[in-house]
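Here's the letter readout for the chains.
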Amino acid sequence: KIMFSIIILGIAAIVISQRFTLVNSFWIRTQEMLSDGDISNGRLAIYDVALSAIVDNPLGIGIDASTLLIGGDVHNCYLQFILELGWIGGILVLFPILSPILSVRRNVKHIIHRDQLSYSDRVIFTFSVLFNMLIILAGFVAMPFQWHDVIMLFVISQIMMLTIYNKYASLQ
């Protein structure tokens, strides 16, 4: 199990390092945005258009129609899901993304500090919870669910998290 968790962590590190730009280019972009005076990089204006369209079209505007409305992505996957699929479709898409982390949130401390679980189970569980939280939070400012490799790692980490959660539940 320890070797498996090291392999998963290594794959995640490789994928994440390829997805995100180097620290130096990030710093340069941050300085450019601050000098322009718009630290949101135009996203607040995009969010305003998206929210107005959601209010006007509660059943959604259609898949990929946000490209026509905004000229690209909304840069917030949750707003984009609701904008394109409507409230009902957005909730149906978001439910499988958020439900696993919500189902284990009450027992996280108990699972991590549980002596009956092996150290590797606790490490895998902690990594899975943190990775899921990172991707869920990234959804507010990016579109992580458009990247196939991130989706694959997200699903794998949810499976690992729920497997250990079920093992914990069976010990009680």
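This section reports on the structure supplied with the text. The written sequence of each chain sets the order in which its residues are numbered from 1. In keeping with the predicted nature of the model, local features appear solely for residues at pLDDT of at least 70, side-chain atom pairs appear and are counted solely at 80 or more, and the whole-chain, interface and lining totals rest on all residues. To obtain the side-chain values, all non-hydrogen atoms of the structure were included, while hydrogens and water were left out.

### A look at unusual backbone geometry
Consideration 1: The backbone of Asp64 sits at a positive phi, close to 70°, despite the residue not being glycine.
Consideration 2: Helix and strand definitions here come from DSSP, where helices need a minimum of 4 consecutive H or I residues and strands a minimum of 2 consecutive E residues; each element is numbered from the N-terminal end. Tracing the backbone shows Asp64 in the loop between α3 (43–56) and α4 (66–70).
Consideration 3: Each residue gets one of three labels from its accessible area relative to the maximum for its type: buried under 20%, exposed over 50%, partly exposed in between, using a 1.4 Å probe on protein chains only. Taking relative accessible area as the criterion, Asp64 reaches 51% and is therefore assigned exposed.
Consideration 4: With a phi close to 65°, His75 is a non-glycine residue in the positive phi region.
Consideration 5: By the element assignment, His75 lies in the loop between α4 and α5 (77–104).

### Focus on the layout of surface pockets
Consideration 1: Any residue with an atom within 4 Å of a point lines the site, the site being either a cavity, points on a 1 Å grid over the protein atoms alone where a 1.4 Å probe fits but cannot get out, or a pocket, an open set with protein on both sides within 12 Å along at least 5 of 7 lines. Grid points are joined across faces, edges and corners, and a volume is the space filled by probe spheres set on the points. Considering only enclosed or pocket space, the second largest pocket measures out at about 190 Å³ in volume.
Consideration 2: As for the second largest pocket, its lining consists of Ile63, Asp64, Asp73, Cys77, Gln80, Phe81, Glu84, Leu85, Met143, Phe145 and Gln146.
Consideration 3: In the lining of the second largest pocket, the residues fall into six nonpolar, two polar and three charged. Here the term charged refers only to Asp, Glu, Lys and Arg, the term nonpolar to Ala, Val, Leu, Ile, Met, Phe, Trp, Tyr, Cys and Pro, and the term polar to all other amino acids, Gly among them.

### Overview of helix α8 (residues 148–171)
Consideration 1: A helix is expected to span 1.5 Å multiplied by its residue count minus one. Over its 24 residues, α8 runs 35 Å from end to end, which matches the ideal 34 Å to within 8%, given 1.5 Å per residue.
Consideration 2: Of the residues making up α8, those classed as buried are Val150, Leu153, Phe154, Ser157, Gln158, Met160, Met161, Ile164, Tyr165 and Tyr168.

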